[in-house]
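# Working through the structure, step by step
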Amino acid sequence: DFVGRVFSSDKHRTVAEILGNTKTMIQSYLVGLLLEMLIMTTLYTTVLLVVGVQYAFVLAVMGALLNLIPYIGGLIALSLAILMALITGTPMQALFVLIGYVVIQAVDNNFLVPKIVASKVKVNALVSIAGDYRTVMRLVSRFHDVRANDVAVAVAAAAAVPPLRHRLTIAP
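Reading the values: rules and limits
- Residues numbered from 1 in each chain as written.
- Predicted model: local features only at pLDDT ≥ 70, side-chain atom pairs only at ≥ 80, totals over all residues.
- Heavy atoms only, no water.
- Helix = DSSP H or I, 4+ residues; strand = E, 2+ residues; numbered from the N terminus.
- Buried < 20%, exposed > 50% of the residue type's maximum accessible area, 1.4 Å probe, protein only.
- Contact = heavy atoms within 4.5 Å.
- Areas by Shrake-Rupley, 256 points an atom, 1.4 Å probe, with all protein chains shown as cover.
- Phe/Tyr/Trp six-rings, centres within 6.5 Å; stacked < 30°, edge-to-face > 60°.
- Polar contact = N/O pair within 3.5 Å; in protein donor to acceptor, adjacent residues only side chain to side chain.
- Patch = residues over 30% accessible without salt bridge, like charges linked within 9 Å, V, L, I, M, F, W, Y side chains within 5 Å.
- Salt bridge = Lys/Arg side-chain N within 4 Å of Asp/Glu carboxyl O.

Glancing now at the overall build of the chain. A tally of regular secondary structure across the chain gives seven helices and zero strands. For the chain, the N- to C-terminal ordering of α and β elements is α-α-α-α-α-α-α. Per-residue burial for the chain yields a buried fraction of 29% across its 172 residues. Long-range contacts, defined here as pairs at least 24 residues apart, represent 53% of the contacts in the chain between residues at least 6 apart. As presented, the chain carries roughly 11300 Å² of accessible surface, and 70% of it is formed by carbon and sulfur atoms.

In structure tokens form, the structure reads like this:
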């Protein structure tokens, strides 16, 4: 019903196809996040158990959940694990926790996330950057005479990816 009001009738099928593809991609992304959380929980638990930190599994699950928060989530998880190591263990255990978490984050950021995103969502990083650029250009085009889709197609062509299949315009 909303689609019928916003887009012209000749675009309904295209919009429905795009919405269906978007739903599938979001579901795949969420499955990828769950897989990453499982892997991160396993890695965190292994490090914390080897180092001898109490409540290793609880800290690992919290760490995997916090890892979903960009930038600060990993730092909060690290801080909690180090704090627990200092409270229940020794400074040397805290140092080993720090080293373990840094290695795990490096593996996560440079291997797990790109592989999971590529396999579950079927996009590469350059395409996602172009998609973000397209969103920004759409916002800018509301205030300037810039055609966001044309810019996105040019960016996609420059990135050597196939151009967008559909061109949508908001009905007047």
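After that view of the structure, there is still more to cover.
With that settled, consider the packing of aromatic side chains. Geometry of an aromatic ring pair is reported as the spacing of the ring centres plus the angle between the planes. Using the criterion set out here, one finds one aromatic pair in the structure. For the pair Tyr44 and Tyr101, a centre-to-centre distance of 4.3 Å together with 20 degrees between the ring planes defines the contact as stacked. Here Tyr44, found in helix H2 (residues 12–51), pairs with Tyr101, found in helix H5 (residues 91–120); they are 57 residues apart in sequence, far enough to count as distant. Side by side, Tyr44 and Tyr101 carry an identical accessibility label, which is buried.

Here Glu36 is to be found in helix H2. In this structure Glu36 comes out as buried when scored by relative accessible area, which is 8%. In this structure the side chain of Glu36 is engaged in a polar contact, spanning 3.3 Å, whose partner is the side chain of Asn67. Those residues in contact with Glu36, other than ones at most four positions away along the chain, are Asn67, Asp108, Val113 and Ile116.

Taken together, the side chains of Met92, Leu95, Phe96, Leu98, Ile99, Val102, Val103, Val107 and Phe111 make up a nonpolar region of the molecular surface, amounting to roughly 790 Å² of accessible area. The residue Met92 is located in helix H5 in this model. The class for Met92 is partly exposed, based on a relative accessible area of 47%.

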